[in-house]
Amino acid sequence: MLFRSLHVTLCKKSKKVCTTKMADLQETVRKKILNEVVGLRKGEEGKESHGGTLQWKGLIVDDMTLKVVSSCLTMAQLASEGVSNVEHVHKHREPNSLEEAIYFVTPNDKNINVILKDINAKFYSGFRIMFTETCPESLLDRFLSKVTRPNLVKSCKQVYLSLDRKSTRLNSSHALIS
């Protein structure tokens, strides 16, 4: 559905161009998620790489990232990269001290508060935080100052895969992926 709104804009002139651009957009987003968000594995000497041993992990998403992920990836594709489950950040989740968690979320107060609560409660064995856009400095500073178990945070980065929230909510043709 997310890509259908982009599809309308791209398809006004040529159906051939439309199909190609739609497929290209989905493939680009799919590769970005697989390579930058969930695709790291344990390689030689415990270093992370895109090859190596598969390590099971949970993918924690918010409303926007759930739409993005479900628009371009199947659970089978995620499982082939070691994702055992996909859960919503604001719904009830069971702790899993055997797996790491990848939080693929938009940087906002509500999401940061849940991540802090999970880290401080040692909800998972490790935490990888992937923001869809630049995290405001004040929010990042607050996050860093309130983490009581910093050794559990394996990474915190910005993936730059954001959508205009208003246009996706309205299913408009002005959504942008960067």
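Summarised in this report is the structure supplied together with it. (Residues numbered from 1 in each chain as written. Predicted model: local features only at pLDDT ≥ 70, side-chain atom pairs only at ≥ 80, totals over all residues. Heavy atoms only, no water.)

Details of helix H5 (residues 109-120)
Item 1. Its 12 residues give H5 an end-to-end C-alpha distance of 16 Å, which sits within 8% of 16 Å, the value for a rise of 1.5 Å per residue.
Item 2. For H5, the set of buried residues is Asn-111, Ile-112, Val-114, Ile-115, Leu-116, Asp-118 and Ile-119.
Item 3. Packed against the buried residues of H5 are strand E5 (96-105), strand E6 (124-131), helix H6 (137-146) and strand E7 (153-158).
Item 4. Between the side-chain oxygen of the N-cap and the backbone nitrogen of Lys-110 there are 3.3 Å, and the N-cap of H5 in question is Asn-108. (Helix = DSSP H or I, 4+ residues; strand = E, 2+ residues; numbered from the N terminus. Expected span 1.5 Å × (residues − 1). Buried < 20%, exposed > 50% of the residue type's maximum accessible area, 1.4 Å probe, protein only. Contact = heavy atoms within 4.5 Å. Polar contact = N/O pair within 3.5 Å; in protein donor to acceptor, adjacent residues only side chain to side chain.)

What about the pairing of E5?
Item 1. Most of E5 is tucked away, with seven of its 10 residues classed as buried.
Item 2. Here strand E3 (residues 57-61) pairs with E5 via five bridges, running parallel. Counted as the bridge partner of Ile-60 is Tyr-103 from E5.
Item 3. Here seven bridges tie E5 to E6, and the two strands are oriented parallel to one another. The residue of E6 that forms the bridge with Ile-102 is Arg-128. (Pairing = 2+ DSSP bridges.)

Thoughts on the nonpolar core
Item 1. Tyr-103, Ile-115, Ile-119, Tyr-124, Phe-127, Ile-129 and Phe-143 are the most contacted members of the largest nonpolar core, which totals 20 residues.
Item 2. At the level of elements, E5, H5, E6 and H6 are the ones that each hand at least two residues to this core.
Item 3. Ranked by residues supplied to this core, first place goes to H5 with five residues.
Item 4. With residues up to four places along the chain from it excluded, the contact list for Phe-143 reads Ile-112, Ile-115, Leu-116, Ile-119 and Ile-129.
Item 5. Core analysis: the next-biggest nonpolar cluster, separate from the first, contains 19 residues, Leu-59, Val-61, Ile-102 and Val-159 among them. (Core = buried A, V, L, I, M, F, W, Y, C linked by side-chain atoms within 4.5 Å.)

Describing the packing of aromatic side chains
Item 1. Following the criterion strictly, the structure yields four aromatic pairs and no others.
Item 2. Pairing Tyr-103 with Phe-127 gives two aromatic rings, centres 5.8 Å apart and planes at 20°, and the pair type is stacked. One end of the pair, Tyr-103, is in strand E5; the other, Phe-127, is in strand E6, and 24 residues separate them in sequence. The pair Tyr-103 / Phe-127 is uniform in exposure class, with both members buried.
Item 3. Ring geometry for Tyr-124 and Phe-127: centres 5.8 Å apart, planes at 75°, overall edge-to-face. (Phe/Tyr/Trp six-rings, centres within 6.5 Å; stacked < 30°, edge-to-face > 60°.)

Remarks on the environment of Arg-30
Item 1. Here Arg-30 shows up in helix H2 (residues 15-38).
Item 2. For the pair Arg-30 and Val-68, spaced 38 residues apart in sequence, the C-alpha to C-alpha distance is 9.0 Å.
Item 3. Setting aside its immediate chain neighbours within four residues, Arg-30 contacts Cys-72, Leu-73 and Gln-77.
Item 4. At 2.3 Å, the side chain of Arg-30 forms a polar contact with the side chain of Glu-27.

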